[in-house]
Amino acid sequence: MSMKTIYILNGPNLNLLGQREPHIYGHDTLATIEGLCRTKAKALGFEISFHQSNIEGELVSLIQEAREKAQGLIINAASYTHTSIALHDAVKAVGLPAIEVHLSNVHAREAFRHHSYMAAATRGVICGFGPQSYTLALDALAHILNQKEKA
Ligand code: DQA
């Protein structure tokens, strides 16, 4: 059987990681996080397809693309987490197991970051662990997909 693929999607301003508010988001760039994810996915026996967009509709299209090309989804929708019914609906529509991630602990920050439209569409949320939030999500998703295989 061919290797399973996990789509990892990143929303607005995450292309600026490394320069953007490093006291909150750290010094690692998105390319570094992609590298960490590739290494982790390889160890778990999965392939990843890693994307970033500043545009809400493009993220909707990538989620729809994942329906054809992937078995699971990890999404850091960034600020769209707190605003986007379109992204919520897209994740629901494709029906893939999905995990919401954030670098920062959104619950320890401003009140407007405490609500997530993504959370109700995903299996769970991992936030506050910096780049490790992504690798923890890969572990969790690999577990879900491996359980599915056994069922
Ligand atoms: C973020 C948290 C969001 O509230 C914020 O808008 C982001 C990044 C994070 O990874 O910590 O852009 O998703």
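Heads up: these notes are all about the structure in this document.

Conventions adopted
- Residues numbered from 1 in each chain as written.
- Predicted model: local features only at pLDDT ≥ 70, side-chain atom pairs only at ≥ 80, totals over all residues.
- Heavy atoms only, no water.
- Near = heavy atom within 4 Å.
- Polar contact = N/O pair within 3.5 Å; in protein donor to acceptor, adjacent residues only side chain to side chain.
- Areas by Shrake-Rupley, 256 points an atom, 1.4 Å probe, with all protein chains shown as cover.
- Nonpolar A, V, L, I, M, F, W, Y, C, P; charged D, E, K, R; others polar.
- Buried < 20%, exposed > 50% of the residue type's maximum accessible area, 1.4 Å probe, protein only.
- Helix = DSSP H or I, 4+ residues; strand = E, 2+ residues; numbered from the N terminus.
- Pairing = 2+ DSSP bridges.
- Contact = heavy atoms within 4.5 Å.
- Disulfide = S-S within 2.5 Å.
- Expected span 1.5 Å × (residues − 1).
- Axes fitted to C-alpha atoms, helices over the stretch in contact; angles between N-to-C directions.
- Parallel < 35°, antiparallel > 145°, perpendicular 65-115°, else oblique.
- Left-handed = near helix turned anticlockwise from the far one by under 90°.
- Core = buried A, V, L, I, M, F, W, Y, C linked by side-chain atoms within 4.5 Å.

### Some details on the site of the ligand
Near the ligand, the surroundings consist of Arg20, Tyr25, Asn76, Ala78, Ser79, His82, His102, Leu103, Ser104, Val106 and Arg113. Histidine 82 places a polar side-chain atom, nitrogen or oxygen, 2.7 Å from an oxygen atom of the ligand. Expressed as a share of its isolated accessible area of 320 Å², the protein-covered part of the ligand is 99%. Along the lines of polarity and charge, the residues of the shell around the ligand split into four nonpolar, five polar and two charged.

### A short note on the pairing of strand 4 (residues 98-102)
Extensive coverage of strand 4 is indicated by the burial of five of its five residues. Residues Ala98, Glu100 and His102 line one face of strand 4 and the alternating positions Ile99 and Val101 line the opposite face, and both faces are buried. In this sheet, strand 4 lies alongside strand 3 (residues 72-76) in parallel orientation, the contact comprising three bridges. Counterpart to isoleucine 75 in the pairing with strand 4 is glutamate 100. Pairing geometry for strand 4 and strand 5 (residues 124-127), over four bridges, is parallel. Following the sheet pairing, valine 101 is matched in strand 5 by isoleucine 126.

### Some points on the environment of glycine 128
Topologically, glycine 128 is positioned in the loop between strand 5 and helix 5 (132-150). Judged by its relative accessible area of 36%, glycine 128 is partly exposed. Taking C-alpha positions, glycine 128 is 21 Å from histidine 143, a pair spaced 15 residues apart along the chain. When residues no more than four places from it in sequence are discounted, the contact partners of glycine 128 are His102, Leu103, Ser104, Asn105 and Ser133.

### Some details on the state of the cysteines
Enumeration over the complete set of coordinates arrives at zero disulfides. Considering cysteine sulfurs only, cysteine 127 is the nearest to cysteine 37, which forms no disulfide, with 16 Å between them. By relative accessible area, cysteine 37 is classed as buried at 1%.

### Points about helix 5
Here helix 5 is 19 residues long and its end C-alpha atoms lie 27 Å apart, about the 27 Å a rise of 1.5 Å per residue gives. What helix 5 keeps buried is the set Ser133, Tyr134, Thr135, Ala137, Leu138, Leu141, Ala142, Ile144 and Leu145.

### Concerning the packing of helix 2 (residues 30-44) against helix 5
Contact pair helix 2 / helix 5: the axes reach a minimum separation of 9 Å and the direction vectors enclose 25°. Taken together, helix 2 and helix 5 sit at an angle that is classed as roughly parallel. For the crossing formed where helix 2 meets helix 5, the hand is right-handed. For the pair helix 2 and helix 5, the contacting residues are Ile33, Leu36, Cys37, Lys40, Ala41 and Leu44 in the first and Tyr134, Thr135, Leu138, Asp139 and Ala142 in the second. Taken together, the residues of the contact of helix 2 with helix 5 sort by class into eight nonpolar, one polar and two charged.

### Examining the nonpolar core
If you look at the biggest cluster of nonpolar residues, it comprises 25 residues, and the most contacted ones within it are Ile6, Ile8, Cys37, Ile48, Ile74 and Tyr134. Secondary structure elements with two or more residues in this core: strand 1 (5-10), helix 2, strand 2 (47-52), strand 4 and helix 5. The greatest single-element share of this core, amounting to seven residues, is contributed by helix 5. Once you skip the residues sitting within four places of it in the chain, isoleucine 74 turns out to touch Ile6, Tyr7, Ile8, Leu9, Ile99, Val101, Tyr134, Ala137, Leu138 and Leu141. Ranked by size, the runner-up nonpolar core spans 20 residues in total, among them Val60, Leu62, Ala77 and Leu87.

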